[in-house]
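The primary structure of each chain is shown beneath.
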Amino acid sequence: MSVKPRIKLDKNQAKAGEIVEVKALVSHIMETGLRRDANNNLVPRDILAKFVCTVNGKVVFSADFEPAIAANPYIQFKFKATESGPVVLTWTGDKDVKIVGEDKITVG
Amino acid sequence: MDWTIDRRRALAIGAASAATAALGGLPALAQGGNDHKELIAKFTGGKTAAPGLVKLDLPEIAENGNTVPMVLTVDSPMTAASHVSDVLVVADGNPRGGIATFHFTPAGGVAEASTRIRLGATQNVIAVAKLSDGSFHMASRQVKVTIGGCGG
């Protein structure tokens, strides 16, 4: 999979303790596993089930998604800037899909 | 007699598969019939969730159930001593109850998350938050859906 997520931090430079907002959008079908194709066969589930965000290696936010999350999942959350480092967003899902996106934050 | 039973059975099977195919298109069938209560019970371990602290922002009327914006906020200081750890979001009228589970950490600073969800019909969306002191809080919002969004 060569999917590239779109990630936007409201600021890349923050003072210690400041709240940073992260918005991320990734292109994915999020097939529910409940739909039937033209031959009335169930279309197998294919979703991104797990999302994790780490800042400088520490998990700040994570989420488990069910098929009730809309296609091309969008996620927005916030974290408190305490140290500089990479902001890594990872989606994992069915069919061994792993999508990784990265940005960075500088505190000071 | 055998013929009658067979015919009834055949009709029942026909109706059931039609319902499965239509999914979100049948609100009357879907309403309250999914596993959302079990999911909440499993999440809280049988404890009752008190109203308050949790805020769910959803449109009152969603024109398209395929993508409904949802904002979840939990009023919490988010310190190591007092924070929200997990929030379960379920819907009572989708084919399956679960929507998402958010895991917050004190490093997050603010317990706020937003995403876009699928709603198959007009129904209630329920959020249950687990606090670090072991208590549970919840919020519920009804969304009127004009076009279902679960594979219909």
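So, how was this worked out
Residues numbered from 1 in each chain as written. Chains lettered and ligands numbered in written order. Predicted model: local features only at pLDDT ≥ 70, side-chain atom pairs only at ≥ 80, totals over all residues. Heavy atoms only, no water. Core = buried A, V, L, I, M, F, W, Y, C linked by side-chain atoms within 4.5 Å. Buried < 20%, exposed > 50% of the residue type's maximum accessible area, 1.4 Å probe, protein only. Phe/Tyr/Trp six-rings, centres within 6.5 Å; stacked < 30°, edge-to-face > 60°. Helix = DSSP H or I, 4+ residues; strand = E, 2+ residues; numbered from the N terminus. Lys NZ or Arg CZ within 6 Å of the ring centre and 35° of its normal.

Asker: Teacher, can you tell me more about the nonpolar core here?
Answerer: Generally speaking, nonpolar side chains in soluble globular proteins are found buried as a group. F61 and W91 of chain A together with F102, F104 and V125 of chain B are the most contacted members of the largest nonpolar core, which totals 57 residues. With 8 residues, the next largest nonpolar core counts I40, F43, L88 and V90 of chain B among its residues.

Asker: Looking at this structure, how should I read the packing of aromatic side chains?
Answerer: Describing an aromatic ring pair means giving the distance of the ring centres and the angle of the ring planes. Taken as a whole and judged by the stated rule, the model has 8 aromatic pairs over all chains. Ring centres of F61 of chain A and F77 of chain A lie 4.6 Å apart, and the angle between their planes is 10°; this geometry places the pair in the stacked category. Note that F61 of chain A is positioned in strand β5 (residues 58-65) and F77 of chain A in strand β6 (residues 74-80), a separation of 16 residues in sequence. In this structure, F61 of chain A and F77 of chain A share a single accessibility class: buried. With centroids separated by 6.5 Å and ring planes inclined at 35°, the aromatic side chains of F102 of chain B and F104 of chain B adopt a geometry described as tilted. With respect to burial, F102 of chain B and F104 of chain B carry one shared label: buried. Taken together through their ring pairs, the aromatic side chains of F51, F61, F77 and W91 of chain A together with F102 and F104 of chain B make up a single cluster. Directly above the aromatic system of Y74 of chain A lies the positively charged group of R116 of chain B, at a separation of 4.4 Å from the ring centroid.

Asker: Got a minute to help me understand unusual backbone geometry in this structure?
Answerer: When glycine is set aside, most residues are seen to have a negative phi, and most peptide bonds are trans. Residue and element names in this part refer to chain A. Look at N40: it is not a glycine, yet its phi comes out positive at around 65°. Among the secondary structure elements, N40 is positioned in the loop between β3 (19-25) and β4 (48-55). The backbone of K95 sits at a positive phi, close to 60°, despite the residue not being glycine. Within the secondary structure layout, K95 lies in the loop between β7 (85-93) and β8 (97-107).

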